[in-house]
Amino acid sequence: MTTIATQAPPMRYPKLAQPWIALALSILAELGIALFVLNVVAVPLIAVWVGIPLLLAFVPAARWFANCHRTMLAGFLGERIPRPYKKPPMPGILMWLRTTLTDPATWRDIIWLLVNAVIGFTLCLLSAVLFLASLFYLVYPLLVGVTPEGVFTEPFGGLVTVNFWTSFLVTPVALVAFMIWYAAGERLLKANAFMARSLLGPTESAKLALRVRELAESRAETVDTQAAELRRIERDLHDGAQARLAALSMNLGMAEEMVARDPAQAAALLTEARESASTALSELRDLVRGIHPPVLADRGLEGAVKALALSCPFKVDVTFDVPGRPPAPVESAAYFAVAECLANAVKYSAATNAWIQITHEEEKLHMIVGDDGVGGAVIRPGGGLYGIERRLAAFDGTLTVVSPSAGPTTVIMELPCESSSLKTTPSSGTD
């Protein structure tokens, strides 16, 4: 299965798996002390060049350690913790080292190692101990029954003679410990996860910088896409309609000269000119349809998508539930995205059936295009799915492809589209 672009939210851990995860996290928290010490010691050693190879080994190790915790703790948060590391502007070890040492995320990782060894260790160990204590006191009578006399006799401080029957007096302790763990165990782990996210996640300034970078990349790609589209239109006009119109002008000029001395030849030239004009008109219509299909302007997204479905060589089921009409740019992006998905299905999937589902929920336009074909669809630079991804990215949209090798293929797309922006009448102003 291939999933690209957006990632699904992390699955939450089952209740009974949490104590063992807490125990593992508490052990890892103390192991992190070694990484903290090694990184702190390596920094001043840069002055004698010894610290450079040490940092080249210890910083990636600390980041790997932090990334493992980001992945593990995401199950308690219900969302992934982003990795806010800066990328070196140029290749090279020294550039990487300089970027890494000036990256606030690196030092936040180091601080987290120390904080996690104290606070994280305490929270995780307490959650694990509550469960293990309830488990221990629950099986305490069994332990008393199968071990030699005097091994498990401490719970009553010597006030009661411990035997198999009196050992059941600790059963309420097991129940109390279990109830406390059931009520507070997961909360303790969530508290540790929130603490880790505050240090391992991006700061507000880092989020803003990341957002600015994403917008800059999206704008640059949109500009490049538009420039390529303009070049395509210019090429199509030059090679198609313009050439035919030039030939049409020549034929009309020749017919004008021959109409007096050779009416039959002039008539033939006029017939050829009429055919050239018809062909040029058809090519201009196709060109306009590629820029903004008339069916989209006239019938809206629902009608345009249903027209696409009817033009496919196999059955396509369409489900459409969108109030009103989205803004024209969003509508156009959604139409071409669906059209490209269907084109891919026709070309590569060997499908016999496909489906399109378009809905509007949570201020987003959700589009699902699937087929029962051979699968194996992936996003490659320059490919159709890559073009869809770039088109949607210009609107902060996302693309997810689920396409196992044996099929089926499902393409999930989302476009931000506030309900207040949806039009209640067609953009053309006609019903």
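What you see is a predicted model, and the numbers here were worked out from it, not measured in a lab.

A. Representation of the nonpolar core. In terms of nonpolar packing, the biggest core is built from 39 residues, with Val338, Ile358, Leu365 and Met413 touching the most fellow members. Contributing elements (two or more residues each) for this core: α9 (294–311), β1 (315–321), α10 (328–349), β2 (353–361), β3 (364–371), α11 (384–393), β4 (398–402) and β5 (409–416). Considering every element that reaches this core, the biggest residue donor is α10, with 11 residues. Those residues in contact with Met413, other than ones at most four positions away along the chain, are Ala337, Val338, Cys341, Leu365, His366, Met367, Val369, Ile388, Leu392, Thr398 and Leu399. The next biggest cluster of nonpolar side chains, apart from the first, holds 25 residues, and it includes Phe65, Ile81, Trp112 and Ala196.

B. Representation of the sheet that holds β3 in the model. One open sheet holds the 5 strands; their spatial order is β1-β2-β3-β5-β4, and the pairing between them is mixed. The open sheet has two edge strands, β1 and β4, and neither has a second partner. The sheet shows a mean angle of 10° between the axes of neighbouring strands, taken without regard to direction. As defined by bridge partners, β2 adjoins β3 across 8 bridges and the pair is classed as antiparallel. Opposite Ile356, over in β3, you have Val369 as the bridge partner. Where α10 meets the sheet, its contacts fall on β1, β2, β3 and β5, and the angle it forms with β3 comes to roughly 10°.

C. Representation of a negative patch on the surface in the model. Side chains of Asp321, Glu361, Glu362, Glu363 and Glu418 sit close together on the surface and give a patch of like negative charge. Here Asp321 shows up in strand β1. Residue classification places Asp321 among the exposed residues on the basis of a relative accessible area of 53%.

D. Fine view of α11. What α11 keeps buried is the set Leu385, Ile388, Glu389, Leu392 and Ala393. One face of α11 carries all of its buried residues, which in axial projection span an arc of 130°.

E. Here's a closer look at the pairing of β5. Where β3 lies against β5, 8 bridges are found, and the strand directions are antiparallel. Within β5, the residue paired with Gly370 across the bridge is Thr410. In this structure, β4 lies alongside β5, joined through 5 bridges in antiparallel fashion. Bridged to Leu399 within β5 is Met413. Between β4 and β5, which pair antiparallel and follow one another directly, the connecting turn spans 6 residues, one of which, Gly407, has a positive phi of 80°.

Rules behind the numbers
Residues numbered from 1 in each chain as written. Predicted model: local features only at pLDDT ≥ 70, side-chain atom pairs only at ≥ 80, totals over all residues. Heavy atoms only, no water. Core = buried A, V, L, I, M, F, W, Y, C linked by side-chain atoms within 4.5 Å. Buried < 20%, exposed > 50% of the residue type's maximum accessible area, 1.4 Å probe, protein only. Helix = DSSP H or I, 4+ residues; strand = E, 2+ residues; numbered from the N terminus. Contact = heavy atoms within 4.5 Å. Pairing = 2+ DSSP bridges. Axes fitted to C-alpha atoms, helices over the stretch in contact; angles between N-to-C directions. Patch = residues over 30% accessible without salt bridge, like charges linked within 9 Å, V, L, I, M, F, W, Y side chains within 5 Å. Areas by Shrake-Rupley, 256 points an atom, 1.4 Å probe, with all protein chains shown as cover. Salt bridge = Lys/Arg side-chain N within 4 Å of Asp/Glu carboxyl O. Lys, Arg positive; Asp, Glu negative; His and termini not counted. Charge placed at Lys NZ, Arg CZ, Asp CG, Glu CD. Arc of directions from axis to C-beta.

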